[in-house]
Structure formats: C-alpha cells, structure tokens
Amino acid sequence: MPVLKLPKDLVADPRHDAVSALLATRAGLLWEGGRNEVATLPMTDALAAELRGALSAKHACHGLELITDKLASEQKGLDAAARKAPESPQNARASRLLFLASDGSTRFYRDCDALLSRYPQRLLACRLEISGEELGEKLTGTAKMIRSVLVFDKRVAARALLALLDAS
C-alpha cells in the first residue's frame, strides 16, 4: 500500500501506529485486475456503531452512485479553491473512508478501484468481511442491501479507523 497520511485526529492518537500496521498487513488488490490495494478486515461492533451514527448524523452516505457524485462535487470545490489560491498546497491526507462489503461483483469493485485512482490524495478504502445484506442489517436494522459506505467527516473517519482495531 502506498504511504497515505491518515486523518489528523488519528495522527495524535497513541493507536495511530497500530491502525497503520493493521491497514498495511491486511492489504491486497481490490479485484483481480485492480490497481489499488485495500485492507480486508472483519466488521466490528464498534465500527458498525460508528457507521450507524455517521449515517444518522449525515456524516456518511451509502450507495456507489451517490458516493461517486459526492466525491466529484467535493473535488470541484477543491479545484476551485486551488485555482483561487495556487500557492496553497493541498495536503495529501486521507479524509474520506470508503467501506465496502465483501460480496460485490467484479464491476462493482472495478468502479470502486476507479474512485480510488481518481481521488488518491484523500480517499482510503477498506473491504469488510461482511455481505451487503449483513452490512445493511447492521447499519439500518432492516433487510436492506448496502455494499458501500463513504464517511466524509474527517473526525468520524478517524474514529471509524480506530474502531477497526477491535478486529485485530
């Protein structure tokens, strides 16, 4: 996995190195023809709670089409800011987390891989060892298929990464 700076709120946490090591040791290609490595990790109760809270507070969204639109919209804003102040460099720091179910199709993972290639400076993905049906059940309490969740609040993203440590 390429070196990616984790969210600022995580850098100050004493568990930062443990999160970095977990992401690195469990990394593999997202799909057979993929270009990007992602960590594959068990779903934890702590992560389910973080994601439920993030969705409820509108700090996250689910569904690949909505996620793609959200990232593109944010990029337009970043590009506009860069044009207005070209001397201000943008930090290469993961501030968006994409969580993926483990039962997606090749096309689904190919589309996710394309997002990771398009936004490498700020997007980090993890595949969870859980089906889309199980993920939907854990996050909504109902029988709902959810294969992708994007956390776009950097503080929530840091907490979600820390919640992955319960799996190690």
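In case you missed it, the structure is sitting above this.
The notes below deal with the structure included here. (Residues numbered from 1 in each chain as written. Predicted model: local features only at pLDDT ≥ 70, side-chain atom pairs only at ≥ 80, totals over all residues. Heavy atoms only, no water.)

1. Points about helix α6 (residues 132–140)
Piece 1. Here α6 has its buried residues at G132, L135, G136 and L139. Down the axis of α6, the buried set is contained in an arc of 100 degrees. They therefore lie on one face.
Piece 2. The secondary structure elements touched by the buried residues of α6 are α3 (45–56), β5 (123–128) and β6 (148–151). (Buried < 20%, exposed > 50% of the residue type's maximum accessible area, 1.4 Å probe, protein only. Helix = DSSP H or I, 4+ residues; strand = E, 2+ residues; numbered from the N terminus. Arc of directions from axis to C-beta. Contact = heavy atoms within 4.5 Å.)

2. So, the environment of T106
Piece 1. With respect to the secondary-structure elements, T106 resides in helix α5 (residues 106–118).
Piece 2. Sequence spacing of T106 and L30 is 76 residues, and the spatial spacing of their C-alpha atoms is 9.3 Å.

3. Considerations on the sheet that holds β6
Piece 1. One open sheet accounts for 6 strands, arranged β1-β2-β5-β4-β6-β3; its pairing is mixed. Because the sheet does not close on itself, it has two edges, and the strands there are β1 (27–29) and β3 (60–62). The sheet shows a mean angle of 30 degrees between the axes of neighbouring strands, direction not considered.
Piece 2. Bridge count for strand β2 (residues 37–41) against β5 is 3 bridges, and the pairing is parallel. Bridge pairing links A39 to C126 in β5.
Piece 3. Packed on one face of the sheet, helix α7 (residues 154–163) meets β4 (96–100), β5 and β6 and runs near 45 degrees to β4. (Pairing = 2+ DSSP bridges. Axes fitted to C-alpha atoms, helices over the stretch in contact; angles between N-to-C directions.)

4. Some details on the nonpolar core
Piece 1. Among the nonpolar cores identified, the biggest contains 36 residues, and L23, M43, L47, F99, L161 and L164 are the most heavily contacted of them.
Piece 2. At the level of secondary structure, the elements contributing two or more residues to this core comprise α2 (16–25), β2, α3, β4, β5, α6, β6 and α7.
Piece 3. The greatest single-element share of this core, amounting to 7 residues, is contributed by α7. (Core = buried A, V, L, I, M, F, W, Y, C linked by side-chain atoms within 4.5 Å.)

5. Observations concerning α7
Piece 1. With 7 of 10 residues buried, α7 lies mostly within the body of the structure.
Piece 2. Tucked into the core, α7 has its buried residues touching α1 (8–11), α2, α3, β4, β5 and β6.
Piece 3. N-cap assignment for α7: the residue whose side-chain oxygen lies 3.0 Å from the backbone N of R155 is D153. (Polar contact = N/O pair within 3.5 Å; in protein donor to acceptor, adjacent residues only side chain to side chain.)

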